[in-house]
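# Architecture at a glance
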Amino acid sequence: MENLNNTQLYEMSLEAITVDPSVAESKTGIMSEALRDIFIVMNYITLMGLISFMGIIFNTINIIVFAKQGLNDTVNITLLGLAVADLFSVTAHFWQSVCYNLWYFGSFTSINFKHLQYITASWPSGMFGRVSSWLTVLISLERCQCVTIPLHVKRIITPRRILVINIVVYVAMIALNAPVFYSVGLKNYFFPQYNRTMLGFFYRERGIKIEQVCLALLGTSQMISFALIVLFTAVLSVKLNQKLKWRKSVTSVTTASQQNNPDAMSSKEKKVSKMVVAICLLFVCLLAPYWFSGVAMSIFPEYNNLGRYRNIFVAVFSVVLTLEALCSTINIFIYYNMSSKYAATLREIFSCCFGEKDKRAKEQVKSSS
């Protein structure tokens, strides 16, 4: 079979885990290969699969709930878009874990599953992860406007506009990733390290340069979205605290005067804003390692899949991607505990599971809608 020269650069990075020990001995850095393999088994092979499987279930539930609540509310529209992106992301992560299991335990010898997951899991999960990032930016910006300019927000932010923005985010992220899927392919060729012909990854003409450009653009996009989420979350938190202090200071004032105050917010709006803050804080906490690892790559040239610190690089990114899967999985607990409308709708849909005490669910949904 044909040996493809344009795969050599990729082979050096992708096969870092199975590199010849005599070659790797001088480049182990500060982490041994044995410890690195523990991280691979613990994260890629075990935790990522379990977390992603639960994520598929939870995000499917989220989609059903938000779809039932309708698209008349701007927050619901973005949360529905976020649930769809998270569902695709955790599905890709689950497939990634399956591929690593098949590769690690060598169940199939005619396919290099570590190559296969790169195209069919790694890039798709990253693509929908960036969609989730920008939708989180959108919902945090929207809530910031609700607390800073409450009298004008209904005119500025409409369900139709939010729906269009959601679609634009999806299209933009897919467009940024599309060149990568064009630049790569799968083909049977000979792998010297396995001494057999297998289905593997290869670059088309100029594929490596195309991938590098896409990586740079997507990395920049991720850094910007992360910074904006931190900024908007900080502003939203400060404003909510100010509203709380104001509310305490005017407890002796009549309800009518509070309603006439331009800074007044309804109880429902405050609850939604607090829920958004919780979502953003979850995002920031779980994805901060991704951001710091990206910064480390720019500071330390040897911190990559080819450099001296490649073992710790592989270990760190196994943790980072597992946390990314976790971030896309556990939003359901925030929704259920911080949104009475979500909880009521969920109990209404699954009333057979919750029992008779949730006969009130329908009434709660009607009263909150």
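It should be emphasised that the depicted structure is a prediction, and the values quoted were computed from it without experimental measurement. (Residues numbered from 1 in each chain as written. Predicted model: local features only at pLDDT ≥ 70, side-chain atom pairs only at ≥ 80, totals over all residues. Heavy atoms only, no water.)

Summing up its helical and strand segments, the protein has 15 helices and two strands in all. With 369 residues in all, the protein has 45% of them scored as buried. Summarising the internal contacts of the protein: among those between residues at least 6 apart in sequence, 76% fall at separations of at least 24. (Helix = DSSP H or I, 4+ residues; strand = E, 2+ residues; numbered from the N terminus. Buried < 20%, exposed > 50% of the residue type's maximum accessible area, 1.4 Å probe, protein only. Contact = heavy atoms within 4.5 Å.)

Looking now at the nonpolar core. Counting 50 residues, the largest nonpolar core has L79, V131, L135, L236, Y335 and Y342 as its most contacted members. Elements with a minimum of two residues in this core: α3 (33-69), α4 (74-105), α5 (113-148), α7 (159-183), α8 (207-249), α10 (267-299), α12 (331-338) and α13 (340-349). Counting residues in hydrophobic clusters, the runner-up holds 17 residues, among them Y44, W103, A296 and V314. (Core = buried A, V, L, I, M, F, W, Y, C linked by side-chain atoms within 4.5 Å.)

Counted under the stated rule, the structure contains three salt bridges. With its nearest N and O atoms 3.0 Å apart, the salt bridge here joins R130 to E324. In this pair, R130 is assigned in helix α5 and E324 in helix α11 (residues 310-327), connecting sequence segments 194 residues apart. We classify R130 as buried; its relative accessible area is 5%. The salt bridge partner of R143 is E142, with a shortest N-O separation of 3.9 Å. (Salt bridge = Lys/Arg side-chain N within 4 Å of Asp/Glu carboxyl O.)

Examined against the element boundaries, Q222 turns out to sit in helix α8. The exposure class of Q222 is buried, given its relative accessible area of 2%. When residues no more than four places from it in sequence are discounted, the contact partners of Q222 are R130, S133, L287 and Y290.

Those residues of α12 lying buried are N331, I332, I334 and Y335. Buried positions in α12, seen along its axis, are confined to an arc of 160 degrees and lie on one side of it. (Arc of directions from axis to C-beta.)

So, about the packing of aromatic side chains. With the rule as written, the count across this model stands at 18 aromatic pairs. The interplanar angle of 80 degrees and the centroid separation of 5.3 Å between the aromatic rings of F66 and Y335 together place this pair among those described as edge-to-face. Of this pair, F66 sits in helix α3 while Y335 sits in helix α12, placing them 269 residues apart in sequence. For the pair F66 and Y335, a shared accessibility class is recorded, and that class is buried. Connected via pairs of aromatic rings, a cluster forms that spans Y44, Y100, W103, Y104 and F105. (Phe/Tyr/Trp six-rings, centres within 6.5 Å; stacked < 30°, edge-to-face > 60°.)

In this section: the environment of Q96. Its place among the elements puts Q96 in helix α4. Here Q96 falls in the buried class, since its relative accessible area comes to 2%. Along the backbone, Q96 and K114 are 18 residues apart, and their C-alpha atoms lie at a distance of 8.5 Å. If we skip the residues at most four places from it in the chain, Q96 touches Y44, M48, Q117, A121, S122 and L321.

This part takes up unusual backbone geometry. Although it is not a glycine, R206 sits at a positive phi angle of roughly 60 degrees. Relative to the elements of secondary structure, R206 occurs in the loop between β2 (196-203) and α8.

Let us look at the pairing of β2. In this structure, strand β1 (residues 184-191) lies alongside β2, joined through eight bridges in antiparallel fashion. Within the sheet, the bridge partner assigned to N188 lies in β2 and is L199. Joining the antiparallel neighbours β1 and β2 is a turn of four residues, in which N195 adopts a positive phi near 60 degrees. (Pairing = 2+ DSSP bridges.)

Turning to the confidence of the model for the protein, a few remarks are in order. Per-chain confidence: the protein averages 81 in pLDDT, with 80% of residues scoring 70 or above. Overall, residues 254-259 carries pLDDT values under 50, and its contacts beyond four positions in sequence, including any with other chains, amount to four contacts. (pLDDT = per-residue confidence, 0-100.)

Here we take up the environment of F190. Topologically, F190 is positioned in strand β1. Owing to a relative accessible area of 31%, F190 belongs among the partly exposed residues under this scheme.

As a further point, take a nonpolar patch on the surface. On the surface, F53, M54, I57 and F94 cluster together into a nonpolar patch covering about 330 Å² of accessible area. No other element matches α3, which puts three residues into the nonpolar patch. When you line up the elements, M54 lands in helix α3. (Patch = residues over 30% accessible without salt bridge, like charges linked within 9 Å, V, L, I, M, F, W, Y side chains within 5 Å. Areas by Shrake-Rupley, 256 points an atom, 1.4 Å probe, with all protein chains shown as cover.)

Let us now look at the environment of K274. Looking at the secondary structure, you find K274 in helix α10. Setting aside residues no more than four positions away along its own chain, K274 makes contact with L240 and M338.

Glancing now at the packing of α4 against α5. Put simply, α4 and α5 touch, their axes get as near as 8 Å, and they point 160 degrees apart. Relative to α5, α4 is oriented roughly antiparallel. Of the two elements, α4 crosses α5, and the hand of that crossing is left-handed. Looking at the contact of α4 with α5 residue by residue, the class counts come to 20 nonpolar, 13 polar and four charged. (Axes fitted to C-alpha atoms, helices over the stretch in contact; angles between N-to-C directions. Parallel < 35°, antiparallel > 145°, perpendicular 65-115°, else oblique. Left-handed = near helix turned anticlockwise from the far one by under 90°. Nonpolar A, V, L, I, M, F, W, Y, C, P; charged D, E, K, R; others polar.)

Let's shift gears to the state of the cysteines. Put plainly, a disulfide is one covalent bond tying together the sulfur atoms of two cysteines. Inspection of every chain in the model, using the stated rule, returns zero disulfides. With no disulfide of its own, C285 lies closest to C327 among cysteine sulfurs, the gap being 9.5 Å. (Disulfide = S-S within 2.5 Å.)

This brings us to the packing of α5 against α7. Contact pair α5 / α7: the axes reach a minimum separation of 10 Å and the direction vectors enclose 150 degrees. When the axis of α5 is compared with that of α7, the two are roughly antiparallel. The way α5 lies across α7 gives a crossing that is right-handed. Contact with α5, carried on its side by I119, W123, P124, M127, F128, R130, V131, W134, L135, L138 and E142, involves I162, I165, N166, V169, Y170, M173, I174, N177, V180 and F181 of α7 and no other residues of that element. Taken together, the residues that form the contact of α5 with α7 break down as 17 nonpolar, two polar and two charged.

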